[in-house]
Amino acid sequence: MNKLRVLTGITTTGTPHLGNYVGAIKPAIAASQDENKLGFYFLADLHALIKCHEPEKVHQSTKEIAATWLALGLNTEDNVFYRQSDVPEISELSWILSCMAAKGLMNRAHAYKAAVDKNLEEGEDPDKAVTMGLYSYPVLMAADILMFNAQHVPVGKDQIQHVEMARDIAARFNHHFGETFALPEAIVDSQVETLVGLDGRKMSKSYNNTIPLFLPEKQLRKHINKILTNLLEPGEPKDPDSSAVFQIWQAFADEEKTAWMRQQFVEGIAWGEAKKQLFELINAEIKDARERYNALMEEPGIIENALQQGAEKARAHSAELMGRIRRSVGIYPL
Ligand code: TRP
C-alpha cells in the first residue's frame, strides 16, 4: 500500500517555544508514529536566509530545532528527517519551477505584498529591501513540497496560500510536461491549538512574548510567573476564559484537569498558585525530553549524524524524481 505523504518544513531562525510545541511539533511527532503516513520533516535553512543574515543565528537555530525534534521522539526510523540544504535537488527544482511559475502569481504572495505595502505606507520605493529570495520564497517552498510528491502539508493559516501556489505550479508543470507531481493540499487542523503568549496575544517570536520550550527549570518557572494576569486577590473568583494562564493550562491538560482548574478559578485560586500548578504541569510533560535535548546539544555530532542519514533517505527520493524531471524538460545526456 502507498502511504500518505505528509511534509512539513521549519524555518531555522529561532529557538523553539511552547507555541511551536503545541501548534506544530507535538502533532507532527504524533503523526510520525502513524503507520499509514510517510512523513518528510525538514529544517528549512535555505528559507532562513530570506529573513536572517546572521550566520551564527541560522546555524544555532538549526542545531536547536533538530535537537528539539529528536529529543521529543520524532520517529526517524519510518520517516525522513533532513536539512533542506543537504538535498541539492531542491535548489535545482526551484529554478526549474521558477521557469513555470507566473510572475503575476508571485506578485500576489502575502509576504512580498506585505513588504511592498509597508514601503508604500512609509513613502519609500515599493521594492526597498525586497530581495529576490523574498520574492521567490513560494517557488522554493513549492520545490520543497513537490520534490517529495507530498500530498498533505500541515501548516498554519498564514501558509495556505503558499501551498496553493505550489499546487498551481505543479498543475502547470504537469499540463505542459506530462504527469509528474502530486497536487499537494494544505491541511489546517482546527483542533490544533494556537497558544497565547505572556501578554495574552498569540505566542509568537514577532511579539516577543514567548516561553522557550527547553529553558532550565528555574527559568521556566520565572517565565511562567511573567504571564499577564489582573489584580484580583486570592479568594476572588477569576474568569478562566479571559486568562492566559488558564488558556495555556488548557493546551497541556487533559479534560479532567481542565475542568478541575476551571473550578479552581471560580473558587478564587491565587494567581501565584495557578502559575505554580501550571509550571508543574508543563514541566512534567517536557522534563525528560529536556534532558535528552541538553545531551544532544552537548554532542552535536549525534544530531549531524541523524541529519546525514535523513539526507541520504531524502536523496533516494529526490534523485530519482529529479532524473525524470530533467528528462521531461529536455536536460539529459546526448
Ligand atoms: N515557509 C514555512 C514557514 O515559515 C516553512 C516551510 C518552508 C515549509 N518550506 C515548507 C512549510 C514546505 C511546509 C512545506 O512556516
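Residues numbered from 1 in each chain as written. Predicted model: local features only at pLDDT ≥ 70, side-chain atom pairs only at ≥ 80, totals over all residues. Heavy atoms only, no water.

(A) Highlighting helix H11 (residues 255-266). Spanning 12 residues, H11 covers 17 Å between terminal C-alpha atoms, matching the ideal 16 Å at 1.5 Å per step. Every buried residue of H11 is listed here: Thr258, Met261, Gln264 and Phe265. The buried residues of H11 occupy an angular sector of 120° when the element is viewed end-on, so they sit on one face. Those residues of H11 that are exposed and aimed more than 90 degrees away from the buried face are Glu255 and Glu256. Looking at the packing, one finds that the buried side of H11 touches helix H10 (244-252) and helix H12 (271-298). Note on H11: the residue one or two positions beyond its end, glycine 268, has a positive phi of about 90°. (Helix = DSSP H or I, 4+ residues; strand = E, 2+ residues; numbered from the N terminus. Expected span 1.5 Å × (residues − 1). Buried < 20%, exposed > 50% of the residue type's maximum accessible area, 1.4 Å probe, protein only. Arc of directions from axis to C-beta. Contact = heavy atoms within 4.5 Å.)

(B) View of the site of the ligand. Taken together, the neighbourhood of the ligand is formed by Leu7, Gly9, Thr11, Phe42, Ala44, His47, Tyr137, Met141, Asp144, Ile145, Val153 and Gln159. Threonine 11 places a side-chain nitrogen or oxygen 3.1 Å from an oxygen atom of the ligand. Take aspartate 144: an N or O atom from its side chain is 2.7 Å from a nitrogen atom of the ligand. Protein contact buries 88% of the 370 Å² of open area that the ligand shows by itself. For the shell around the ligand, the secondary structure elements donating two or more residues are strand E1 (4-11), strand E2 (37-44) and helix H7 (132-146). When residues of the shell around the ligand are assigned to their parent elements, the largest contribution, four residues, is made by H7. (Near = heavy atom within 4 Å. Polar contact = N/O pair within 3.5 Å; in protein donor to acceptor, adjacent residues only side chain to side chain. Areas by Shrake-Rupley, 256 points an atom, 1.4 Å probe, with all protein chains shown as cover.)

(C) Representation of the pairing of E2. Burial runs high along E2: seven of the eight residues are buried. Two strands pair when backbone bridges link them, and E1 and E2 are joined in this way by eight bridges, in the parallel orientation. Note on E2: the bridge partner recorded for threonine 11 is alanine 44. As a crossover connection, the stretch from E1 through helix H1 (residues 18-31) into E2 is right-handed. (Pairing = 2+ DSSP bridges. Right-handed = clockwise from strand over helix to strand, strands pointing away.)

(D) Seen up close, the domain arrangement of the chain. Per the domain assignment, the segments making up the chain are domain 1 (4-194 + 299-329) and domain 2 (214-295). Computed from C-alpha atoms alone, the centre-to-centre distance between domain 1 and domain 2 is 33 Å. Taken together, the contact pairs 11 residues of domain 1 with 11 residues of domain 2. When the area that domain 1 buries against domain 2 is broken down by residue, the three leading residues are Leu18, Tyr21 and Ala71, summing to 43%. At the boundary of domain 1 with domain 2, the tally comes to one salt bridge. The shortest N-O distance in the salt bridge between glutamate 285 and lysine 26 comes to 2.9 Å. Scanning the region where domain 1 abuts domain 2 turns up four residue pairs in polar contact (both at pLDDT 80 or more). Elements represented by at least two residues in the side of domain 1 that touches domain 2 include exactly H1 and helix H3 (55-71). A breakdown of the residues in the side of domain 1 that touches domain 2 according to their chemical character gives six nonpolar, one polar and four charged. (Domains from an automatic or database assignment. Buried area = accessible area lost by both parts, 1.4 Å probe. Salt bridge = Lys/Arg side-chain N within 4 Å of Asp/Glu carboxyl O. Nonpolar A, V, L, I, M, F, W, Y, C, P; charged D, E, K, R; others polar.)

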